[in-house]
Amino acid sequence: MYVSSQTAEASEYVRVADAGSLKEEGSRLHTEIQGRYISILRVRSQLFCIDSICYHAGGPLAVGDIEDLDGSACVKCPWHLYLISLDNGEKFYEEVKFVDGLLVNGGWKSSGRRQRTHMVEERSDGIFVQISTSGEVESDKFAHKSNFAKPFLDVDSPGRIKLHSEVKLT
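In terms of nonpolar packing, the biggest core is built from 14 residues, with Val16, Ile33, Ile38, Ile40, Val120, Ile127 and Val129 touching the most fellow members. Sorting the residues of this core by element identifies strand 2 (13-17), strand 3 (28-33), strand 4 (36-43), strand 5 (46-51) and strand 12 (126-130) as the ones contributing at least two each. No other element matches the three residues that strand 2 contributes to this core. Membership of the second largest hydrophobic core comes to 13 residues, among which are Leu41, Ile66, Ile84 and Leu86.

This is the structure:
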């Protein structure tokens, strides 16, 4: 579901949807606030809000599959398969290292926060988002670019997602 542009002061909460409009597990809503493209996702009965466009190359991050990484819900970029934590925007990757001349899996590692996340609240009168603007985050470079937002603008109804994979952080 795509909701039209909203304007607000940076610190204000903005109503983006009716209460209960994202009640089903896996439902998603894509919207624009202050020219920034964001997505709200319901995973494990909790709402998360992230920049819609991937920090790395402007891919449609928020339409990616949801995966579980050591109990943390992550969205998987459909372009480069990066796992991004829905909770804090941290990017995870599988380390590969040489041991005795052989490549071995070094486990899951973090390369730090790369995707901006935003506060989201579900209230009796609607779903509200507060845009985070503190500090610089890599996803900021694509967050306002409408040419990268096309996959979200074309979405007609909430998407369905599922927790289809479990991997463990080492």
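In this section: the packing of aromatic side chains. On inspection of all chains with the given rule, the structure shows two aromatic pairs. On the basis of an interplanar angle of 20 degrees and a centroid distance of 6.2 Å, the ring pair of Tyr55 and Tyr82 is categorised as stacked. Taken together, the residues span a long stretch of sequence, with Tyr55 in the loop between strand 5 and strand 6 (66-69) and Tyr82 in the loop between strand 7 (72-76) and strand 8 (83-85) at a distance of 27 residues. Assessed through its relative accessible area of 5%, Tyr55 is described here as buried. Overall, the relative accessible area of 22% leaves Tyr82 in the partly exposed class. Consider the rings of Phe142 and Phe148, whose centres lie 4.9 Å apart with planes at 70 degrees: the pair is edge-to-face. The aromatic ring of Tyr13 is capped on one face by Arg123, whose charged end is 5.1 Å from the ring centroid. The ring of Phe128 carries the charged tip of Arg123 above its face, separated from the ring centre by 4.1 Å.

Together, Val96, Phe98 and Leu103 make up an exposed nonpolar region whose accessible area comes to about 360 Å². Structurally, Phe98 can be placed in strand 9 (residues 90-99).

Attention now moves to the confidence of the model for the chain. Of all residues in the chain, 82% have pLDDT values of 70 or greater, and the mean over the chain is 84. Counting interchain partners and residues more than four positions distant, the pLDDT-below-50 stretch residues 155-170 has 47 contacts.

Definitions and limits used
- Residues numbered from 1 in each chain as written.
- Predicted model: local features only at pLDDT ≥ 70, side-chain atom pairs only at ≥ 80, totals over all residues.
- Heavy atoms only, no water.
- Core = buried A, V, L, I, M, F, W, Y, C linked by side-chain atoms within 4.5 Å.
- Buried < 20%, exposed > 50% of the residue type's maximum accessible area, 1.4 Å probe, protein only.
- Helix = DSSP H or I, 4+ residues; strand = E, 2+ residues; numbered from the N terminus.
- Phe/Tyr/Trp six-rings, centres within 6.5 Å; stacked < 30°, edge-to-face > 60°.
- Lys NZ or Arg CZ within 6 Å of the ring centre and 35° of its normal.
- Patch = residues over 30% accessible without salt bridge, like charges linked within 9 Å, V, L, I, M, F, W, Y side chains within 5 Å.
- Areas by Shrake-Rupley, 256 points an atom, 1.4 Å probe, with all protein chains shown as cover.
- Salt bridge = Lys/Arg side-chain N within 4 Å of Asp/Glu carboxyl O.
- pLDDT = per-residue confidence, 0-100.
- Contact = heavy atoms within 4.5 Å.

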